[in-house]
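For reference, the chains in residue letters:
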Amino acid sequence: MLELVQYTFMQRAILSATIIGTVCAIMGVYVVLRSMSFIGAGISHASFGGVALGFMLGINPIFTTIIFCLLTAWGIAFVSEKQKVREDTAVGIFFASTMAFGVLLISLMHGYNADLFSYLFGNILAVSAMDLWVSLVLTILVIAVVGIFFKEFLFLTFDIEMAEVTGLPVRKLNLLMITLVALTIVISIKSVGIVLVAALIVTPAASAYQLTEDFRAMMRLSVAFGVGSCWAGLVLSSILNLASGATIVLVATLCFFICFIFSPKRRKLRHRIDVLQHELQESK
Amino acid sequence: MENSKKTIVDCRQLYVAYQDALALENVTFTIRADEFWGILGPNGSGKTTLLRAMLGLVQPLSGSITIFGVAPQNLGARRTKIGYVSQYNTIDFNFPIKVKDAVMLGRSYKLGIGKRPKKPDWQAVMQALELVEMADFAERQIGRLSGGQRQRVLIARALALEPELLLLDEPTAALDVATSEGFFTWLHQMHSQMKITLILVTHDVAAVSQYVSVVACLNRRLVTHGRPQEVLGQETLEDMYGCESMFFRHGEVPHMVVPSPAGSRNKK
């Protein structure tokens, strides 16, 4: 294992694992608490169209994917904001049509493309220096925006109605949040793949949710689980020669089940005891 | 005498429509500083719509509504003078947030984007929690509270803004009778201690008749408004609920019974 670290591709993989583990876990907290996981899945599948377009035009797919994912995210937000179309319906429409567009482009290109396969299921060992730089810049951007709008995003997530009443521009904030989710997906698809990226966003945050009742703690735990799963998945996949994206996601899922088993009963039981104690005090 | 006080809410021939149906028809009233209004009415009578119109969340079809002298959408920074507590079933109480952090959210807009709360903000939060007698629970997760406590936390969130006008939309809807009575007593005390204008939307005729200074009976149009002892007669309630209702006395507190929904007139 230690010799492996000397290779450039492995160093890039470790860096990439750290970056995506962090950014997915942060946005995952919002995605989980706002029940946006279907939007996440929709945007990630839409990126397939972007990837195919990149291959067709012969440019690094990460750039075409950024544009594709952002347009899809904004499209979903725009259509569902009009309230005539439900959000999950909007996602369903964009999800399928952008994938269909990708498949169409691929059918125009002759021959099988192995690289395309690596975008579908991810290959963290194939991350290029350019991919890494773009990921790093976008990650810093995402984290900075989350830092600036921290309490606004929290309010939006906790109680959107009241956030609007107090004067926050909830529509713009919502659009901004969806944009960040789209960027997170772009950052991650090369490493974990279009099909699996949504899991990497949702799972660490869902694990963290099982263990804490504080928002900041949930975010910290989520990042720990995200980065931990990415590192463990990377190591396991290198040693056992497994598909990296799938290994990472399965490690994260295992982590979730462990958290799940050790959490909810305790949570409910403690709540019941608290309420009973309170009622006892009041009756005295 | 009371007329000399500052106008807080002014509603003139207000009509509001939801989709095709009129939710409010020709509603006219004036709410002045420090008054405690109780708005009564059956389901679908436009009570919540009236509050939403005050907040600028729904636009009038015709007529006008002003808060602090301006239309709600033009309030700008003065929006922070209004506290609002909605019917709280939209919140997920399993949300991982502590009581004090939930209350601090009430001040987000006042704080401004990118700014972190400072000492005076936390003082305002703790003060609000003390007012609702929930300061001991500041570190508790918001779901680990009883129904009455949760409601008081949401009121504290509105109070953390140090508002001049507080709108409460059926704050006792999820509470049992005993807890509701305690809550109204507390609300009444808070109103007499603080300089605040209160608007309470409720089904609870008993609470309204005991504590508020002005009662408004709403059934799309404003049936009547005035001092509780003057307006709360059998006729008003019949007119408003569209069915025979009655008071009965249980100790000192008058209760009202509405036998069945509007339309059917079966006597029990």
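From a predicted model like this one, the values you see are computed outputs, not experimental measurements. (Residues numbered from 1 in each chain as written. Chains lettered and ligands numbered in written order. Predicted model: local features only at pLDDT ≥ 70, side-chain atom pairs only at ≥ 80, totals over all residues. Heavy atoms only, no water.)

Q: Can you walk me through unusual backbone geometry in this structure?
A: The general pattern is negative phi for most residues beyond glycine and trans for most peptide bonds. Residues and elements named next belong to chain B. One non-glycine residue, N26, lies in the positive phi region at around 50 degrees. For N26, the location among the structural elements is in strand β2 (residues 21-32). For E133, which is not glycine, the phi dihedral falls at a positive 60 degrees. Its location among the elements puts E133 in the loop between α4 (119-131) and α5 (147-159). A residue is classified by how much of its surface remains accessible, and E133, at 51% relative accessible area, is exposed. (Helix = DSSP H or I, 4+ residues; strand = E, 2+ residues; numbered from the N terminus. Buried < 20%, exposed > 50% of the residue type's maximum accessible area, 1.4 Å probe, protein only.)

Q: How should I be thinking about the packing of aromatic side chains in this particular structure?
A: For any pair of aromatic rings, the description rests on two quantities: the centre-to-centre distance and the angle between the ring planes. Enumeration over the complete set of coordinates arrives at 13 aromatic pairs over all chains. Summarising the aromatic geometry, the rings of F150 of chain A and F215 of chain A are spaced 5.7 Å apart at their centres and angled 65 degrees between planes, so their arrangement reads as edge-to-face. With a gap of 65 residues between them, F150 of chain A in helix α8 (residues 150-158) and F215 of chain A in helix α12 (residues 215-240) connect regions that are remote in the sequence. Comparing F150 of chain A with F215 of chain A, the two get one shared label, buried. One aromatic cluster is present, formed by Y30, F149, F150, F153, F158 and F215 of chain A together with F95 of chain B through successive ring pairs. Of note, K100 of chain B hangs over the ring of W122 of chain B, and the distance from its end group to the ring centre comes to 5.6 Å. Across the ring face of F93 of chain B, the terminal group of R150 of chain B is positioned such that the distance to the ring centre comes to 4.4 Å. (Phe/Tyr/Trp six-rings, centres within 6.5 Å; stacked < 30°, edge-to-face > 60°. Lys NZ or Arg CZ within 6 Å of the ring centre and 35° of its normal.)

Q: Please explain the interface of chain B and chain A as it appears in this structure.
A: How big an interface is tends to be stated in terms of accessible area lost as the parts join. Counting from both sides, the interface comprises 38 residues of chain B and, opposite them, 33 residues of chain A. Overall, the association of chain B and chain A removes approximately 3,100 Å² of surface from exposure, summing both partners, and the carbon and sulfur fraction of that is 60%. When the buried area of chain B at its contact with chain A is split by residue, F95, P96 and R144 of chain B rank highest and sum to 24% of it. For the interface between chain B and chain A, the tally reads four salt bridges. A salt bridge links R144 of chain B to E213 of chain A, with the shortest nitrogen-to-oxygen separation between them at 2.7 Å. Where chain B packs against chain A, one counts eleven residue pairs in polar contact (both at pLDDT 80 or more). Counting residues per element, the ones that place at least two in the side of chain B that touches chain A are α2 (99-105), α3 (108-111) and α5 of chain B. With four residues, the top contributor of residues to the side of chain B that touches chain A is α5 of chain B. Looking at the side of chain B that touches chain A residue by residue, the class counts come to 15 nonpolar, eleven polar and twelve charged. (Contact = heavy atoms within 4.5 Å. Buried area = accessible area lost by both parts, 1.4 Å probe. Salt bridge = Lys/Arg side-chain N within 4 Å of Asp/Glu carboxyl O. Polar contact = N/O pair within 3.5 Å; in protein donor to acceptor, adjacent residues only side chain to side chain. Nonpolar A, V, L, I, M, F, W, Y, C, P; charged D, E, K, R; others polar.)

Q: Please explain helix α2 (residues 8-33) of chain A as it appears in this structure.
A: At 3.6 residues per turn, the α-helix brings residues three or four places apart onto the same side. In a regular helix each residue adds 1.5 Å, so 26 residues correspond to 38 Å; α2 of chain A covers 38 Å between its end C-alpha atoms and thus fits that length. Looking one or two places after α2 of chain A, you find S35 of chain A, whose phi comes out positive at around 50 degrees. (Expected span 1.5 Å × (residues − 1).)

Q: Is there a simple way to explain the nonpolar core in this structure?
A: Burial of nonpolar side chains together is a common tendency in soluble globular proteins. Of all hydrophobic cores here, the largest spans 162 residues; its most connected members are I43 of chain A together with V9, F29, M54, L187 and I199 of chain B. Excluding anything up to four places from it in sequence, M54 of chain B contacts V9, F29, I31, I65, I67, P72, L167 and I199 of chain B. (Core = buried A, V, L, I, M, F, W, Y, C linked by side-chain atoms within 4.5 Å.)

Q: Mind showing me how you'd approach the environment of G38 of chain B here?
A: Residue and element names in this part refer to chain B. Within the element layout of this structure, G38 appears in strand β3 (residues 36-40). Separated by 162 residues in the primary sequence, G38 and L200 place their C-alpha atoms 4.7 Å from one another. Once residues within four sequence positions are removed from consideration, G38 is found in contact with L200, V208, V212, V214, V215 and A216.

Q: Which parts of the structure should I look at to understand the state of the cysteines?
A: One covalent bond between the sulfur atoms of two cysteine residues makes up a disulfide. Residue and element names in this part refer to chain A. If you walk through the whole model with that rule in mind, you get zero disulfides over all chains. Summary of cysteine pairing: C259 is not part of a disulfide, and the nearest cysteine sulfur, belonging to C255, is at 4.5 Å. Owing to a relative accessible area of 6%, C259 belongs among the buried residues under this scheme. (Disulfide = S-S within 2.5 Å.)

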